[in-house]
Amino acid sequence: MKTASLVVMCLLLSACNKTNETQLMTETGRQLQRAIDTSPARAQCEAIAKGREWISLNVRRHLEKQGCAEVFRSSTETNFTQANIFHTSMTMVCGSISGGSFTGETLSRRFIYSPEENALVIEPTSSADKTRFEKLKTVAQLQADFERQYQQYCH
């Protein structure tokens with residue numbers, strides 16, 4: 001009887017883990033959407049593009065000059081290309097996203113999300129990716145920080 005109860009309990013717990021993983025992926029997707037859609041760089045690029053799907057050569061040059069070739073246009077046009085959950089000292093969701101930029105290029109970036117800290121870091125590739133707290137760091141320093149964190153939490 002105890003063995004049967006233990007087996008049922010294990011099955012129930014494993015079913016709960018699957019739900020939690022689904023919830024983690026959904027939560028990660030929401031955080032990525034929020035980060036992309038509320039990015040100050042995105043707002044700046046959107047002000048130039050003015051919602052147009054097709055842009056003139058002149059507008060494209062202006063977008064490129066402002067660094068908009070490295071900015072995701074919209075979270076609705078961005079997809080997970082890979083995502084994994086890692087359980088080490090903390091639970092982390094690590095993976096990659098892909099989407100279009102304001103100038104039509106396809107962008108691919110890695111990300112790290114900590115649900116326990118509600119913190120998301122998207123791989124930096126340009127100065128447009130700096131937060132107000134990172135203005136003094138170079139892009140190379142930000143990339144090195146991200147790579148160190150990715151190696152620490154995502155393997």
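Preceding this section is the structure that the text describes.
If you're wondering where the values come from, they're calculated on a predicted model, not measured in any experiment.

Scoring rules and cut-offs
Residues numbered from 1 in each chain as written. Predicted model: local features only at pLDDT ≥ 70, side-chain atom pairs only at ≥ 80, totals over all residues. Heavy atoms only, no water. Pairing = 2+ DSSP bridges. Helix = DSSP H or I, 4+ residues; strand = E, 2+ residues; numbered from the N terminus. Axes fitted to C-alpha atoms, helices over the stretch in contact; angles between N-to-C directions. Contact = heavy atoms within 4.5 Å. Buried < 20%, exposed > 50% of the residue type's maximum accessible area, 1.4 Å probe, protein only. Expected span 1.5 Å × (residues − 1). Arc of directions from axis to C-beta. Salt bridge = Lys/Arg side-chain N within 4 Å of Asp/Glu carboxyl O.

Right, let's talk about the pairing of strand β4 (residues 119–122) for a bit. Pairing of strand β3 (residues 106–114) with β4, which is carried by 4 bridges, proceeds in the antiparallel orientation. Along β4, the bridge assignment pairs Ser 114 with Ala 119. Taking the residues between adjacent antiparallel strands as the criterion, β3 and β4 are bridged by 4 residues, where Asn 118 takes a positive phi near 55°.

Our next topic: the sheet that holds β4. Spatial strand order, β1-β2-β3-β4: 4 strands in an open sheet with antiparallel pairing. The sheet is open, and its two borders are formed by β1 (78–87) and β4, each paired with just one other strand. Direction aside, neighbouring strands of the sheet carry axes that sit 20° apart on average. Relative to β3, strand β2 (residues 91–100) is paired through 8 bridges, and the arrangement is antiparallel. Residue pairing across strands places Ser 96 opposite Arg 110, the latter belonging to β3. Against the sheet, helix α4 (residues 139–153) touches β1, β2, β3 and β4, its axis set at about 55° to β3.

Attention now goes to the pairing of β3. Taking burial as the measure, the 9 residues of β3 include 7 buried ones, the bulk of the element. Following β2, the chain reverses through 5 residues before pairing antiparallel with β3; Gly 104 in that reversal takes a positive phi of roughly 95°.

All right, on to α4 then. Taking 1.5 Å of rise per residue, the 15 residues of α4 would be expected to cover 21 Å, and the 21 Å separating its terminal C-alpha atoms lies within 8% of that figure. All buried positions along α4 are accounted for by Leu 142, Phe 146, Tyr 150 and Tyr 153. Burial along α4 is one-sided: seen end-on, the buried residues are contained in an arc of 85°.

This next bit is on the side chain of Ser 74. Looking at where Ser 74 falls in the secondary structure, it is placed in the loop between α3 (57–65) and β1. With near-sequence residues (within four places) excluded, Ser 74 lies in contact with Ile 36, Asp 37 and Arg 42.

Moving on to the pattern of salt bridges. Under the criterion given, the structure shown has 7 salt bridges. Between Glu 64 and Arg 60 there is a salt bridge, with its nearest N and O atoms 3.1 Å apart. In this pair, Glu 64 and Arg 60 both sit in helix α3, 4 residues apart, roughly one turn of the helix. Glu 123 is paired through a salt bridge with Arg 110; the nearest N and O atoms lie 3.1 Å apart. One end of the pair, Glu 123, is in the loop between β4 and α4; the other, Arg 110, is in strand β3, with 13 residues separating them in the sequence. Each member of the pair, Glu 123 as well as Arg 110, carries the same accessibility label: buried. What you see here is one network of salt bridges that share partners, running through Arg 60, Glu 64 and Glu 105.

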